[in-house]
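# Secondary and tertiary structure notes
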Amino acid sequence: MRCMLIMKIDLKKYIREVLRSRPLLAKGLQKLGIRVFPSQANFILADFGPGAVQLVHKLERKGILLRARRDFPREGFVRVSVGTRADTRRLLRAIEALL
């Protein structure tokens, strides 16, 4: 039972962290010129434009996983999961270095 309580507390802490990180991620992507769509989920849909698939592959080589959406009318849309603020800062630095 104690383990379940600790897991519940950790989950609540993680949820608060993600809620703080989501606007940081959205604003950071927008500052890089990437179109971001409003989200209440634990991910953001972003339009990286025609080079999205290549960018996703380059980030993957750095250990950062994003999901290019191939089910949209055109290339460029990427699902970006919201993590911790430290994860978000690392992601934004990596994207900026590749743009």
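Summary of the structure given here. (Residues numbered from 1 in each chain as written. Predicted model: local features only at pLDDT ≥ 70, side-chain atom pairs only at ≥ 80, totals over all residues. Heavy atoms only, no water.)

### Details of helix 2 (residues 52-61)
Ala-52, Val-53, Leu-55, Val-56 and Leu-59 are the residues of helix 2 that are buried. One side of helix 2 holds all its buried residues, which, seen down the axis, span an arc of 160°. Once helix 2 ends, the next one or two residues include Gly-63, with phi positive near 85°. (Buried < 20%, exposed > 50% of the residue type's maximum accessible area, 1.4 Å probe, protein only. Helix = DSSP H or I, 4+ residues; strand = E, 2+ residues; numbered from the N terminus. Arc of directions from axis to C-beta.)

### Brief notes about the packing of aromatic side chains
Centre distance and the angle of the planes are the two values used to describe a pair of aromatic rings. By the definition in use, this model includes one aromatic pair. Measuring from ring centre to ring centre gives 5.9 Å for Phe-37 and Phe-77, while their planes differ by 45°; the resulting arrangement is tilted. On the criterion of sequence distance, the pair formed by Phe-37 in strand 1 (residues 35-37) and Phe-77 in strand 4 (residues 77-81) is long-range, its members being 40 residues apart. Phe-77 gets classed as buried once you look at its relative accessible area, which sits at 10%. Cation over ring: Arg-79 sits above Phe-43, and NZ or CZ is 3.9 Å from the ring centre. (Phe/Tyr/Trp six-rings, centres within 6.5 Å; stacked < 30°, edge-to-face > 60°. Lys NZ or Arg CZ within 6 Å of the ring centre and 35° of its normal.)

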